Amino acid sequence: MTTLVDIWLVDARAPFDECLNPDERRRHDALSSPDDRRRFASAHSALHRILPGRRWTRGPNGKPELIGTTLQVNLSHAGEWAAIALTDGRPVGVDLQDLVSGLDYAAMARRFFPPVEADVTELGTFSQLWARKEAVVKAAGDRLTRGLLLPVAGDPPPQVTHDGVVYTLADFEAPEGFRAAVALQGPEPFVIRTH
């Protein structure tokens, strides 16, 4: 049976009812920028509306995890947008990257990507590769620095192995000026449904 991944794209500029738990409230209040606080509150409040009444914990590297269920969830935010991925039974990672003008993406690719991906010639490609790498790392509950050397180029995206575990990748349509990817643990295919 094919796994279904639900992905919500959340516009932080839209009005929302704030509902943060105490840990999120502490993290929210520690942000120095009012815009960063608004974006954080919007994304995390959307998460609580999608999964009302759920209890949360944090993994070893800070990844939020649901308690007492097989549901798996992950959140990413960039600029005024957030992406929330939800599936059942398979660890999931989602990443949203905005196309930052003025970014020296070519130098970053040469520094951080494997040799086969080091000659990136456009910002959109760089951002898509970065989103794929970060999605895998987030599905693994790991740190980004350990995943930047993962080879993720290809159309469609390849399956990759991180710390001996296989992850299946897919790109999904993001708002204009953004790139997005989702990764699930395991080699089995999955289907994306966006909201």
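Nothing here was measured: the structure is a model prediction, and the numbers come from that model.

Asker: Account for the side chain of Arg90, with residues named and values stated.
Answerer: Note on placement: Arg90 falls in the loop between strand E5 (81–88) and strand E6 (92–98). What makes Arg90 buried here is its relative accessible area of 8%. At a separation of 2.8 Å, a polar atom in the side chain of Arg90 contacts the main-chain carbonyl oxygen of Gln185. Within the structure, Arg90 has its side chain in polar contact with the backbone oxygen of Gly186 (distance 3.2 Å). Sequence-distant contacts of Arg90, that is, excluding residues within four places in its chain, are made with Thr3, Gln72, Thr168, Leu184, Gln185, Gly186, Pro187, Glu188, Pro189 and Phe190.

Asker: Quick one: what's the story with the environment of Phe113, residue by residue and with numbers?
Answerer: Here Phe113 is to be found in the loop between helix H3 (105–112) and helix H4 (123–140). A relative accessible area of 4% places Phe113 in the buried class. In the structure, Phe113 is positioned 34 residues away from Gly147 in sequence and 9.3 Å away in space, judged by C-alpha atoms.

Asker: Explain helix H2 (residues 34–50) to me, and be specific about the residues and the numbers.
Answerer: Here H2 is 17 residues long and its end C-alpha atoms lie 24 Å apart, about the 24 Å a rise of 1.5 Å per residue gives. Looking only at H2, the buried set comprises Phe40, Ala41, Ser42, Ala43, His44, Ser45, Ala46, Leu47 and His48. Contacts from the buried residues of H2 go to strand E1 (3–11), helix H1 (22–30), strand E2 (56–58), strand E4 (71–78) and E5. N-capping of H2 is provided by Ser33, with a side-chain oxygen placed 3.1 Å from the backbone N of Asp35.

Asker: How would you summarise the nonpolar core if you had to cite specific residues and measurements?
Answerer: Note on soluble globular proteins: their nonpolar side chains tend to be buried together. With 19 residues, the main nonpolar core has Phe113, Phe126, Val136 and Leu169 as its most contacted residues. At the level of elements, H4, strand E8 (165–171) and strand E9 (178–185) are the ones that each hand at least two residues to this core. Here the element with the most residues in this core is H4; it accounts for eight residues. Counting residues in hydrophobic clusters, the runner-up holds 17 residues, among them Val94, Ala174, Ala180 and Phe190.

Asker: Run through the pattern of salt bridges, naming residues and quoting values.
Answerer: Overall, the coordinates contain 16 salt bridges when judged by the stated rule. Here Asp36 makes a salt bridge to Arg39, at a shortest N to O gap of 3.0 Å. Of this pair, Asp36 and Arg39 are both found in helix H2, three residues apart, which corresponds to roughly one turn of the helix. Looking at Arg39, the relative accessible area reads 22%, which means it is partly exposed. A cluster of three or more residues bridged by salt bridges with shared partners is formed by Asp35, Asp36, Arg38, Arg39 and Glu80.

Scoring rules and cut-offs
- Residues numbered from 1 in each chain as written.
- Predicted model: local features only at pLDDT ≥ 70, side-chain atom pairs only at ≥ 80, totals over all residues.
- Heavy atoms only, no water.
- Helix = DSSP H or I, 4+ residues; strand = E, 2+ residues; numbered from the N terminus.
- Buried < 20%, exposed > 50% of the residue type's maximum accessible area, 1.4 Å probe, protein only.
- Polar contact = N/O pair within 3.5 Å; in protein donor to acceptor, adjacent residues only side chain to side chain.
- Contact = heavy atoms within 4.5 Å.
- Expected span 1.5 Å × (residues − 1).
- Core = buried A, V, L, I, M, F, W, Y, C linked by side-chain atoms within 4.5 Å.
- Salt bridge = Lys/Arg side-chain N within 4 Å of Asp/Glu carboxyl O.

Scope: geometric values only; no functional claims are made or implied.
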